[in-house]
Amino acid sequence: MIALEHIVKEYSKEVVLNDINLTIEQGRSLAFTGQNGCGKSTLLKIIAGLVRPTAGMVSLEKGKLVHYVPEHFPQMRLTAKQYLLYMSRMEKLECEELETRIQKLAEDFFVSNMLDIPLKYLSKGSLQKIGVIQALLKEPDILLLDEPLSGQDVMSQQVFIQKIKELQNHNVTILMSCHEPYLVDTIADDVYQFVDGKIVLADHKSASETQWYTMLFVRTEKTAIPEKWKGHLQFTEQGCILRATEGECNRAMIEMTEAGWNLRGMYNEDNN
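Attention in this report is confined to the structure presented alongside it. By convention here, each chain's residues receive numbers from 1 onward along its written sequence. The predicted nature of this model means local features are confined to residues of pLDDT at least 70 and side-chain atom pairs, given and counted, to a pLDDT of 80 or more, with totals for whole chains, interfaces and linings taken over all residues. Where side-chain values are given, they derive from all heavy atoms of the structure, hydrogens and water being excluded.

Taken together, three strands build an open sheet; the order of strands is β2-β1-β4 and the sheet is antiparallel. Of all the strands in the sheet, the pair left with one neighbour each is β2 (14–24) and β4 (55–60). Between one strand axis and the next, the sheet turns by 20° as a mean value, whatever way the strands run. Only strands that DSSP links by at least two bridges are regarded as paired with each other. Each helix is a run of DSSP H or I of at least 4 residues and each strand a run of E of at least 2, with the numbering of both proceeding from the N terminus. Sheet analysis places strand β1 (residues 2–11) next to β2, joined by seven bridges and oriented antiparallel. Bridge assignment links L4 to a residue of β2, and that residue is L22. In this description, contact between two residues means that some pair of their heavy atoms is separated by no more than 4.5 Å. In this analysis, axes come from line fits to C-alpha atoms, helices being fitted only over the stretch in contact, and the angle between any two N-to-C directions falls in the range 0 to 180 degrees. Where helix α1 (residues 40–48) meets the sheet, its contacts fall on β1, β2 and β4, and the angle it forms with β1 comes to roughly 125°.

Rendered as structure tokens:
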């Protein structure tokens, strides 16, 4: 479906991508990993046709619909709903079905109350959700995702992964740049690491080898946040939600309890 032949990209004589060659079959899910600035986003933009390579060629199977969701969404005066309707008209979606689809996806991603707010006032995470909703209004053949979970809360991450799995069942080709091991393990068939402008096929654990758990904690009179888990927590009215691998669970429970939290529930996400 996608062929990259000798792709080179230079910015101000600095080589970002150096002779990238890759063939991607229909229905495959690929993850691109590596340090910030290594070329992951640039490669996705080249495949999307938003950036021209300095050298080389990208071949896409004719007639395939490509949707691209950026990490940083442009801030505009249009409301979220106006933007979604505008983009949908470009793809000639039926109006009656469209309204229902927008409302349903907005509910799924917890942004129903944001549809009438101008995009320039939305947070990074909310803008990403609107971008994902737009990409899902009409099922693409190829979906390109640039750091899709970087601004998302835990519950929205779970919704996102569920939607991506549905697309995988429909044989949609998915390419994403990401840092989250959980996302890589859950979605990617193959993982490519960027090293010095080139890509290297990397080893990664399959989803079946990595068990993830969600733990529900409630506050007591005195609570603190352990340093290790600051980036893992989503706060709720009563407490917080923490996601951890099987190997991290015992440490998480001990440190959260010592910090004043009470565990009120825990479930294996693969069995939920």
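Continuing now.
Residues other than glycine predominantly adopt negative phi, and peptide bonds predominantly adopt the trans conformation. If you check the backbone angles, D19 has positive phi at about 60° while not being a glycine. Among the secondary structure elements, D19 is positioned in strand β2. Looking at D19, the relative accessible area reads 33%, which means it is partly exposed. Each residue's exposure class comes from its accessible area (1.4 Å probe, protein chains only) as a fraction of the maximum for that residue type: buried when under 20%, exposed when over 50%, partly exposed otherwise.

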